[in-house]
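Fold and geometry: a report
Residues per chain, in single letters:
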Amino acid sequence: MDANIPSKKILIKIAQKHYPTWHRMDKQRWTNCTWEMLNYINEKWENIRLFVKKAFLRMNSEVFEGEYKLLKSKLKNIIPNQWFVWVWNDIFAFCCPIEIKVDFLYEKNQRYIFQLLKNNPKLLKQLKFFIKCFDEFVSEWKILDLQWKENLVISNSNKLYYTDSFLVFSEYTVTQSLSNIEILRKLVLEVEKTVLENKNT
């Protein structure tokens, strides 16, 4: 667990104090959670920023913790560190915040992302690793959710992150997720082809 994320005991107190009647906003109508950025002052008077999500799902937090551990073990640093707590029959995820530069799967971003990948070999390597892990999940009959906004993002530091926290393997997003992974696969091939051509000129 990241040292900047407080203990579960403290996170429960934060949730009880700040989010007793937190409801889904209109712009989040079709999502399974609501969220906001929280600035937290710890006992050492240090300012800690956390991304807080509240699930609109009546499930045990162990389900989400299990998915998180599985993702973290396979995708490593592509998954931001998170901590799940159960408060008043609600489940909260407290995450290390990611400063998002661009949504990977928003169609209008593709030309820009192409340039980022072409100029950042480490980012391209991360994407290839992500696709490899996605395929491994598919072989286990698990389809990682690639449908919703900002599930797969590039940070301001040009690193790849998968940011979904709740029901990351969803049967309702299979078709779109499989379609989107093919878009990413094609993007990798195009970038590698361009890089190779530039080397040969």
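Residues numbered from 1 in each chain as written. Predicted model: local features only at pLDDT ≥ 70, side-chain atom pairs only at ≥ 80, totals over all residues. Heavy atoms only, no water.

A short note on the nonpolar core
Formally: Residues enter a nonpolar core if they are buried and are Ala, Val, Leu, Ile, Met, Phe, Trp, Tyr or Cys, with the set joined through side-chain atoms within 4.5 Å. Only protein chains enter the accessibility calculation, which uses a 1.4 Å probe; a residue is then buried when its area is under 20% of its type maximum, exposed when over 50%, and partly exposed in between. Each helix is a run of DSSP H or I of at least 4 residues and each strand a run of E of at least 2, with the numbering of both proceeding from the N terminus. Any pair of residues with heavy atoms lying within 4.5 Å of one another is described as a contacting pair.
Core analysis: the largest hydrophobic core is formed by 42 residues, its most contacted members being Phe104, Phe130 and Tyr162. When contributions to this core are tallied by element, the ones reaching two or more residues are helix 2 (61–75), strand 4 (90–95), helix 3 (110–119), helix 4 (121–139), strand 6 (152–155), strand 7 (160–162) and helix 5 (174–199). Top contributing element to this core by residue count: helix 4, with eight residues. Here Phe130 is in contact with Leu75, Ile78, Leu144, Leu146, Leu152, Leu160, Tyr162, Ile181 and Leu184, once residues within four sequence places are set aside. Listed in part, the twelve residues of the second largest apolar core include Ile5, Ile14, Leu38 and Val52.

As for the side chain of Ser165
What counts is decided by this rule: N or O atoms closer than or at 3.5 Å make up a polar contact, with two conditions inside protein: a donor-capable atom paired with an acceptor-capable one, and, for residues adjacent in sequence, both atoms drawn from side chains.
In this structure, Ser165 sits in the loop between strand 7 and helix 5. A relative accessible area of 3% places Ser165 in the buried class. At 2.8 Å, the side chain of Ser165 and the side chain of Lys53 are in polar contact. Polar side-chain contacts of Ser165 include one of 2.6 Å to the side chain of Gln82. Not counting chain neighbours up to four residues away, the residues in contact with Ser165 comprise Lys53, Phe64, Gln82, Phe84, Ala93 and Cys95.

Topic: the pattern of salt bridges
Keep this limit in mind: Salt bridges are identified by distance alone: a Lys or Arg side-chain nitrogen within 4 Å of an Asp or Glu carboxyl oxygen.
One pass over the structure, following the stated rule, counts seven salt bridges. For Asp135, the salt bridge is made with Arg185, and the minimal N-O distance between the two is 2.9 Å. Placement of the pair is Asp135 in helix 4 and Arg185 in helix 5, with a sequence separation of 50 residues. Close ionic contact of Arg185 with Glu182 constitutes a salt bridge, the shortest N to O distance being 3.1 Å. Linking Arg185 with Glu182, this pair stays in helix 5, spanning three residues, or about one helical turn. Taking the relative accessible area as the measure of exposure, Arg185 reaches 26% and is therefore partly exposed.

Some remarks on the packing of helix 3 against helix 4
Rules: Axis geometry follows a simple rule: fit a line to the C-alpha atoms, using only the stretch in contact for helices, then measure angles between N-to-C directions, giving values from 0 to 180 degrees. Should an angle fall under 35 degrees it is called roughly parallel, over 145 degrees roughly antiparallel, and 65 to 115 degrees roughly perpendicular, with every other angle called oblique. Note on residue categories: nonpolar means Ala, Val, Leu, Ile, Met, Phe, Trp, Tyr, Cys or Pro, charged means Asp, Glu, Lys or Arg, and polar means any other residue, Gly included.
Running from N to C, helix 3 and helix 4 point in directions that differ by 110°, and their axes come no closer than 5 Å. With respect to their mutual orientation, helix 3 and helix 4 come out roughly perpendicular. In this structure, helix 3 uses Leu116, Leu117 and Asn119 to contact helix 4, whose residues at the interface are Pro121, Leu123, Leu124 and Leu127. Broken down by class, the residue content of the contact of helix 3 with helix 4 amounts to six nonpolar, one polar and no charged.

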